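Report on the structure
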Amino acid sequence: MSRFLPGAENMTFAPTSFGKRVYSHLNDVDVLSNTVTNVLKSVIETINGFGASDGLSEFIAKCYTRRAYISGFTGSAGTAVVTKDKAALWTDGRYFLQAEKQLNSNWILMRAGNPGVPTASEWLNEVLAPGCRVGIDPVSFLKSKQTEFPSILLRRQFLFTSDAAEELKGVISKKDHELVYLYNSNLVDEIWKESRPKPPNNPVRVHDLKYAGLDVASKLSSLRSELVNAGSSAIVISMLDEIAWLLNLRGSDIAHSPVVYAYLIVEIDGAKLFVDDSKVTEEVRDHLKKAEIQIRPYNSIISEIERLAAQGAALWLDTSSVNAAIVNAYGAACDRYYQNRESKHKTRTNGFDASNECSSVPFAIHKVSPVSLLKAIKNESELEGMRNCHLRDAAALAQFWDWLETEITKDRTLTEVEVSDKLLDFRSKQAGFLDTSFDTISGSGPNGAIIHYKPEPESCSFVDAKKLFLLDSGAQYVDGTTDITRTVHFGKPTAREKECFTRVLQGHIALDQSVFPENTPGFVLDAFARSFLWKVGLDYRHGTGHGVGAALNVHEGPQSISHRFGNLTPLVKGMIVSNEPGYYEDHAFGIRIENLLYVRNVETPNRFGGIEYLGFEKLTYVPIQIKLVDLSLLSAAEIDWLNNYHSLVWEKVSPLLDGSAHQWLWNNTRPIIHQRI
């Protein structure tokens, strides 16, 4: 187990070379903080990292990887804070080992969640003298002509959600610190300058109705019903996957995620998509026109927010995802509305007829976006696409494992990157393949213990036949999204490795077979997957399951299966979740077994309380290596589960294979014959 570092108050650091250059720009603030808060892998778990226009993207375009640029840490979860004499980075347990490798000695690694480790805002209160100014960038922008309220044209990125900014503001105010919005420049960009990658400019495409299942008009109608019920006249949608789902559009602005940088405002009688016009093809333009959606310049979102306030709109804002710049712009515009209204009333004559005054006044409705839940509950067309792409994906994986085992048998020397690239080659030959759904985690031996490890050509390891090998990978297809993890051993595993693997497998089986009443949130099921590890004092530092999009983000919410009990979203029929318990021994090995499941109704002999009961159906069909299983630990029911699963794998995937891959699948799906004394 990794130990946490001492508190930051006990550590001193010389300024980093980055810091020395940035400090010259710190005339108005005492600390630069680049962070963003994301609810996805949620799982759904809280993910902190640089987002983009959605405020919450786990994966982002290279031009927005500011935290990675200044720190060297590339994990999707992290908060970097730079003061005039210190630099600290917070990340969660999935990335402790990765951060140890990637951060140099100028950085303090804060292992978030470990005892004695302060939050970023608490740390600021500790290390800064009272009365300092803490700077954040709520928006990268281009200046426009000044009005009575400075109008801001958004460039590409809002870095802080409104909730994140308000939380930070509240904590640091205890030490009389002031939160400063750096509208005029992003301090990291001041250093990055010409070497910063260009923003993406890839075309948008229409997501075919046969995969989407519902047309745009039907989706907008459902959303507008939600607006009416909430007493709202408009909603701002900034989550990129929500926009893509609602409008049946897909893009490629971000690696691994088929989304496009955009904003969407939906009103009762219209809708506007804010997107770079150069990305809009004629097919997409016609598609949007049929749905009565207007196209507006991407950087005109703030002026439209201000217009809505001036018209008296009741604006639905999900402050957990909408950035601080939009929320603040709407609040300021509302304040101007009321000031102007009060001023007019003061100058009215006694003959003023109040009946002619507009009855609508602007106000904000702060609620979670309804699109998140609508998107999470898959329709039958989406589920069918997910089933189909998973079978093609399984065929590619069978071909890959057949190839890899053959190469290892021949004593071929292969790096983790070469193995990852070969898997991509097999997948790319499958119909409908578009991209990987995340960077492949190809970890041999101790690298498998780095939960979100990404092998790099210049530093990766060779695949060692005498060590465990963990492969977590996925793909984006035109009809669906996959995510699968398998752990294997090419030689003879140790008794310790077999015991750990078997206990992870038992948790995987327990969750797969679980039956639960409707309205059950995912955290209730999390213990099913951990209990076999808990019995011997073991555990893992990540959630057990995350939501998955249908031909969308591999991590989506609002549902999750996690030990973090703050997410009360119930699991609902049609939702997709991962089932991925694991175990990791730092600097030794990692184990994870992951399938995707969808929630379905279950027929039970009783229906206590007259409610429905739910369970899971598998989407993933790839063999689990029997060599790593300690059969003495499995019950007869667990062995039956494994045999039944492998029977289904053979039945569903074998028709898609031939040659040696077909034989490999046969060899790895044979039933276990185990006699108990």
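See the structure printed just above.
Report on the accompanying structure. (Residues numbered from 1 in each chain as written. Predicted model: local features only at pLDDT ≥ 70, side-chain atom pairs only at ≥ 80, totals over all residues. Heavy atoms only, no water.)

**Re the overall build of the protein**
Put simply, the rule reads: A run of DSSP states H or I qualifies as a helix once it reaches four residues; a run of E qualifies as a strand once it reaches two. Both are numbered from the N-terminal end. Throughout this description, buried means an accessible area under 20% of the type-specific maximum (1.4 Å probe, protein chains only), exposed means over 50%, and partly exposed covers the range between. Only the protein chains shown count as cover for residues, and all accessible areas are computed by the Shrake-Rupley method using a 1.4 Å probe.
Along its length, the protein carries 19 helices and 32 strands. Among the 677 residues that make up the protein, the fraction classed as buried is 58%. When the accessible surface of the protein is totalled, it reaches about 27500 Å², and 51% of it is carbon and sulfur.

**Some thoughts on the pattern of salt bridges**
The condition is simple: Think of a salt bridge as a Lys or Arg side-chain nitrogen and an Asp or Glu carboxyl oxygen that are within 4 Å of each other.
With the rule as written, the count across this model stands at 36 salt bridges. A salt bridge links D277 to R285, with the nearest nitrogen and oxygen atoms 3.2 Å apart. Taking relative accessible area as the criterion, R285 reaches 27% and is therefore assigned partly exposed. Overlapping salt bridges bring together D241, K375, K378 and E556 as one network.

**Describing helix α14 (residues 380-409)**
Going by this rule: Residue count minus one, scaled by 1.5 Å, sets the expected span of a helix. Two N or O atoms form a polar contact when they lie within 3.5 Å of each other; inside protein one atom must be a possible hydrogen donor and the other a possible acceptor, and for residues adjacent in sequence the pair counts only when both atoms belong to side chains.
With 30 residues, α14 should reach 44 Å at 1.5 Å per residue; the first-to-last C-alpha distance of 43 Å fits that figure. Between the side-chain oxygen at the start of α14 and the backbone nitrogen of S381 there is a gap of 3.1 Å, and the oxygen is on N379.

**Some words on unusual backbone geometry**
P558 follows G557 through a cis peptide bond whose omega is 10 degrees. Secondary-structure assignment places P558 in strand β27 (residues 556-561). In the Ramachandran plot, H256 falls in the positive-phi region, its phi being about 80 degrees despite a non-glycine side chain. Here H256 lies in the loop between β13 (249-250) and β14 (263-267). Assessed through its relative accessible area of 9%, H256 is described here as buried.

**A look at the packing of helix α16 (residues 495-512) against helix α18 (residues 636-653)**
Condition: Only the contacting stretch of a helix is used when fitting its axis, a line to C-alpha atoms as for every element, and angles between N-to-C directions run 0 to 180 degrees. For classification purposes, angles smaller than 35 degrees are called roughly parallel, those larger than 145 roughly antiparallel, those between 65 and 115 roughly perpendicular, and all remaining angles oblique. Any two residues whose heavy atoms approach within 4.5 Å are treated as being in contact. Following the grouping adopted for this structure description, the nonpolar residues are Ala, Val, Leu, Ile, Met, Phe, Trp, Tyr, Cys and Pro, the charged ones are Asp, Glu, Lys and Arg, and the polar ones are all others, Gly among them.
One can describe the packing of α16 onto α18 by two numbers: an axis separation of 11 Å at closest approach and a directional angle of 80 degrees. By the angle class used here, α16 and α18 are roughly perpendicular. Of the residues in α18, those in contact with L505, Q506, H508, I509 and D512 of α16 are E638, W641 and L642. When its residues are assigned to classes, the contact of α16 with α18 shows four nonpolar, two polar and two charged.

**Focus: the sheet that holds strand β23 (residues 480-481)**
Where we set the bar: When DSSP finds two or more bridges between two strands, those strands count as paired.
Ordered by their spatial adjacency, three strands build an open sheet running β19-β22-β23, and the pairing between neighbours is antiparallel. The sheet is open, and its two borders are formed by β19 (433-436) and β23, each paired with just one other strand. Judged from the three bridges that link them, β19 and strand β22 (residues 475-477) form a sheet pairing that is antiparallel. When the bridges of β22 are listed, F433 appears paired with Y477. Packed on one face of the sheet, helix α15 (residues 416-428) meets β19 and β22 and runs near 160 degrees to β19.

**With respect to the nonpolar core**
Convention followed: Among the buried residues, those of types Ala, Val, Leu, Ile, Met, Phe, Trp, Tyr and Cys that are joined through side-chain atoms within 4.5 Å form a nonpolar core.
Counting residues in hydrophobic clusters, the biggest one holds 61 residues, and the most contacted among them are F400, W401, L404 and F469. With 10 residues, the single largest contributor to this core is α14. Residues within four places of F400 in sequence aside, it is in contact with V419, K422, L423, F426 and L471. Listed in part, the 60 residues of the second largest apolar core include L220, L264, L315 and Y330.

**As for the pairing of β14**
Within β14, five of the five residues are buried, leaving the element largely enclosed by the surrounding structure. Taking every second residue as pointing to the same face, both faces of β14 are buried, with Y263, I265 and E267 on one and L264 and V266 on the other. Bridge analysis of strand β12 (residues 234-237) against β14 gives four bridges, and the strand direction is antiparallel. The partner of I235 across the bridge, within β14, is V266. Pairing geometry for β14 and strand β15 (residues 270-274), over five bridges, is antiparallel. From the neighbouring strand, L264 faces β15, where its bridge partner is L273.

**Digging into the sheet that holds β14**
An order of β16-β15-β14-β12-β17-β18 is seen for the six strands of this open sheet, with the pairing classed as mixed. Every interior strand has two partners, whereas the edge strands, β16 (293-296) and β18 (363-366), have only one. Direction aside, neighbouring strands of the sheet carry axes that sit 20 degrees apart on average. Bridge analysis of β12 against strand β17 (residues 314-317) gives two bridges, and the strand direction is parallel. Bridging from a neighbouring strand, A234 pairs with L315 of β17. Along the sheet, helix α8 (residues 216-230) makes contact with β12, β14, β15, β16, β17 and β18, crossing β14 at roughly 65 degrees.

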